[in-house]
Amino acid sequence: MKTTNETQKINGKKEAQPANYPRRHALFHLLFALVGLVLLLCGAYYSYRTVENALVESEAESLKSLASANAINLKAEFRDKEELLLSLYADEFESMEALNTELDKVFCDKLFYRPSDYERLPAWKRDICLRAAKAPGTVISGPCVYQNGGYYVFYMTLSVSVAGEPAGVLQFEWNLDRIFRQTETLSSLHINNNGYCIVRNKEGKIVMSAEQGKEDIADTTFPEAAGNTLPAVQKTWHYELVNGAPVQQNELLAFASAAVGDEVFTVYVAEDYDMLVKPIEKLSIYLAFLGGLLLIWLLASMWLYMQSRKKEEQLRLALRYEKELNEAGKTLEKQEEILRIYNRDKELTALQSSLAHEFNNQMTPVLIYAELFRDNKTVAGLLPEETEALYQSALQCSDLSRQMLEFTRQGRAEKKAVDFNASMEVRTSLRMVEKLLPEHVRMETKLSRREFFIHGQSGMLSQIILNLSNNAVYAMRETQDAVLRVMFGASKEQEGFICLIIEDNGCGIPKAQQRHVFEPFFTTKPMKEGNGIGLTVVARLVQEHGGFLDVKSEEGRGTSFTIQIPYIRVEEAEKI
């Protein structure tokens, strides 16, 4: 016969089984749902990739054939024109009247230059005319030149003889827009999925296009293909302006080049990649729907599992609350310590502001007298170096006190916010910077023609540009081919933001010091050449206007500052 204790143990085991069963059941369902979801996602991904690759490869071959055929036809079109000119003008003419009669047979703009006219021509035209004069019976093809009418012309030049003597050269200007329309394989080309065809010259300029309004602010849109003997294809993406806003475009692009004389034309045939793969996206939608159903089932299983742990969680919460009450007291003590530190910092900031203001007042007469000494011919004649050193030191001290005063007042001084033209302020600042650059530094700019307006402090961008440009010039003081690059336009990364990039190819910033460059009074310059305030002020101005500031630098290669600030509106500039 079983004892009372043994009966209680048996009953205890029987009562424990129902409590553990829901947990094991929920874990089983959870594991099963996760495995099924992973398998479903893997199958959907594999199916999508297989179909996508097959479709893209087939379309890529078609685009390569189109690009190659168009490049061949374009080259044949120019070769036919060269042969036409040789057949009409390679022979000798009896008189100028006979030459003028033959000129009417070619329907394009024509220019005739006598040898006496060569010196008055631009350098590139003079070189082409001399080449043609030295090679009679040969057509000099190229270059491709932009005209004020908004189109490109392609030059063909050859020498002519009248009455047995060289009379000069004929130069024919072929309108490339007209040639594009006349070449049926280009103008009548039909490409699916919003496709288009354009032609670029060896300098990367779009010289023939059925698509207007394409713009790439920060970088070239199409890959370089000049010199390639075989057509190529690749997937690429870029930004295009749609209603004034940058929109990312994914494209499948094929290209082939054709050499014509001194010029190399590259034919690009592209179509919208997203539209190309859109049919197979339906498969992904169906699989996503099934995955959603599986996820619902997974959540239901998890809910059952959580119910079994509800009572256990309540006990844990009770213990956690007690622990958090103890930690809250410690946190309150820390907050009081932070408040004491904050009050101490406020007092130190007020003291710094007072000292900077008083220092600035005391430096004013010093600077005035130093300038008077420097301008006084007698004093300057006796002590030229000492006088100039005194003036420069006083000027640096005055500038340091002003920057210290501005830094200590940040966040407290009243700042008047207005709507101002950021594009105009950038252009004005760059003109000022260009005048102040040393002789060994050249500036390269790439500015958007659109007018961006910002709501904030007028002159803010000028202060940023002058500070960053000054640092860049200092970093390039020992660089042989020093280049200051400035780019300004709509941001690719943040919609509704302008992007200002200032780059140099100077000495760069050591990696260990890059995280400290925006800290107050931190500088890599010698003590007499820098004070560490400029970049701190730049960072504060960007932050006050809701923007972002990023720096990239490599020792021996240069430094790049990228500033992004939101704009309130944008206006199109007048077309030139």
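Residues numbered from 1 in each chain as written. Predicted model: local features only at pLDDT ≥ 70, side-chain atom pairs only at ≥ 80, totals over all residues. Heavy atoms only, no water.

**With respect to the nonpolar core**
Phe78, Tyr89, Phe172, Leu176, Met208 and Phe265 are the most contacted members of the largest nonpolar core, which totals 49 residues. If one sorts the elements of this core by residue count, helix H1 (residues 4–89) sits on top with 11 residues. Those residues in contact with Phe265, other than ones at most four positions away along the chain, are Leu74, Phe78, Cys144, Phe154, Leu176, Val199, Arg200, Val207, Ala256, Ser257, Ala258 and Val260. Grouped together as the second largest cluster of nonpolar side chains are 39 residues, Phe452, Ile454, Ile465 and Leu484 included. (Core = buried A, V, L, I, M, F, W, Y, C linked by side-chain atoms within 4.5 Å. Buried < 20%, exposed > 50% of the residue type's maximum accessible area, 1.4 Å probe, protein only. Helix = DSSP H or I, 4+ residues; strand = E, 2+ residues; numbered from the N terminus. Contact = heavy atoms within 4.5 Å.)

**Some details on the sheet that holds strand S17 (residues 569–571)**
The sheet built from 3 strands is open, its strands ordered S10-S12-S17 with antiparallel pairing. With one partner strand each, in any of the chains shown, strand S10 (418–421) and S17 form the two edges of the open sheet. Strand-to-strand twist of the sheet, defined as the mean angle between neighbouring strand axes without regard to direction, takes the value 25°. Of the strand pairs in this sheet, strand S12 (residues 451–456) and S17 are connected by 3 bridges, and their pairing is antiparallel. Paired with Glu451 across the bridge in S17 is Glu571. (Pairing = 2+ DSSP bridges. Axes fitted to C-alpha atoms, helices over the stretch in contact; angles between N-to-C directions.)

**Notes on the pairing of strand S6 (residues 206–209)**
As paired elements, strand S5 (residues 196–200) and S6 share 3 bridges and run antiparallel to each other. Residue pairing for S6: Val199 is matched across the bridge by Met208. Linking S5 to S6, which pair antiparallel, is a turn of 5 residues; within it Gly204 sits at a positive phi near 90°.

**What about the packing of aromatic side chains?**
Evaluated as defined, the whole model comprises 11 aromatic pairs. Both rings, one in Tyr89 and one in Phe172, keep their centres 5.5 Å apart while their planes meet at 35°; by these two values the pair is tilted. Remark: Phe172 occurs in strand S4 (residues 165–175) and Tyr89 occurs in helix H1; sequence separation between them is 83 residues. Accessibility classification places Tyr89 together with Phe172 in one group, the buried group. These aromatic residues form a ring-pair network of at least three members: Phe78, Phe154 and Phe265. Lying across the ring of Phe453, Arg569 places its NZ or CZ 4.1 Å from the centre. (Phe/Tyr/Trp six-rings, centres within 6.5 Å; stacked < 30°, edge-to-face > 60°. Lys NZ or Arg CZ within 6 Å of the ring centre and 35° of its normal.)

**Quick word on the environment of Pro136**
Checked against the element boundaries, Pro136 lands in the loop between helix H3 (123–134) and strand S2 (140–146). With relative accessibility at 58%, the residue Pro136 sits in the exposed group. As a C-alpha pair, Pro136 and Pro166 span 30 residues in sequence and 9.0 Å in three-dimensional space.

**Looking at helix H13 (residues 534–544)**
Across the 11 residues that make up H13, a large majority, 8, are buried. Here H13 has its buried residues at Gly534, Leu535, Thr536, Val537, Val538, Arg540, Leu541 and Val542. Looking at the residues trailing H13, positive phi occurs at Gly546, about 70°.

**Let's talk about a negative patch on the surface**
A cluster of acidic residues, Asp91, Glu92, Glu94 and Glu165, forms a negative patch at the surface. In this fold, Glu92 is placed in the loop between H1 and helix H2 (96–103). Under the relative-accessibility criterion, Glu92 is labelled exposed at 52%. (Patch = residues over 30% accessible without salt bridge, like charges linked within 9 Å, V, L, I, M, F, W, Y side chains within 5 Å. Areas by Shrake-Rupley, 256 points an atom, 1.4 Å probe, with all protein chains shown as cover. Salt bridge = Lys/Arg side-chain N within 4 Å of Asp/Glu carboxyl O. Lys, Arg positive; Asp, Glu negative; His and termini not counted. Charge placed at Lys NZ, Arg CZ, Asp CG, Glu CD.)

**Quick word on the pattern of salt bridges**
With the rule as written, the count across this model stands at 11 salt bridges. Glu77 is paired through a salt bridge with Lys81; the nearest N and O atoms lie 3.7 Å apart. Of the two residues, Glu77 and Lys81 are both situated in helix H1; the distance of 4 residues between them amounts to about one turn of the helix. In this structure Lys81 comes out as buried when scored by relative accessible area, which is 11%. One salt bridge connects Glu451 with Arg427, and the closest N-O pair in it is separated by 3.2 Å. Linking Glu451 in strand S12 with Arg427 in helix H11 (residues 422–436), this pair joins segments that are 24 residues apart in sequence. Take Arg427: its relative accessible area is 27%, and that puts it in the partly exposed class. Here the residues in one salt-bridge network are Arg442, Glu444, Asp481 and Arg485, joined through shared partners.

**With respect to the pairing of strand S13 (residues 482–490)**
Most of S13 is tucked away: 8 of the 9 residues are buried. Bridge count between strand S11 (residues 441–447) and S13: 7 bridges; the pairing is parallel. Among the inter-strand pairings, Met443 is bridged to a residue of S13, identified as Leu484. Sheet analysis places S13 next to strand S14 (residues 497–504), joined by 7 bridges and oriented antiparallel. Bridge pairing in S14 links Leu484 to Asp504. Two successive antiparallel strands, S13 and S14, enclose a turn made up of 6 residues, where Gly496 displays a positive phi of approximately 85°.

**Overview of H11**
Between its first and last C-alpha atoms H11 spans 21 Å; for 15 residues at 1.5 Å apiece the expected length is 21 Å, and the two agree. Inspection of H11 places Ala422, Ser423, Glu425, Val426, Ser429, Leu430 and Val433 among the buried residues, and these make up the whole buried set. Down the axis of H11, the sector holding all buried residues measures 155°, keeping them to one side. In this structure, H11 carries Glu434 and Lys435 as exposed residues pointing more than 90 degrees from its buried face. Buried residues in H11 make contact with S10, S11, S12, helix H12 (460–475) and S13. Near the N-terminus of H11, the side chain that reaches the backbone nitrogen of Ser423, with its oxygen 3.0 Å away, is that of Asn421. (Expected span 1.5 Å × (residues − 1). Arc of directions from axis to C-beta. Polar contact = N/O pair within 3.5 Å; in protein donor to acceptor, adjacent residues only side chain to side chain.)

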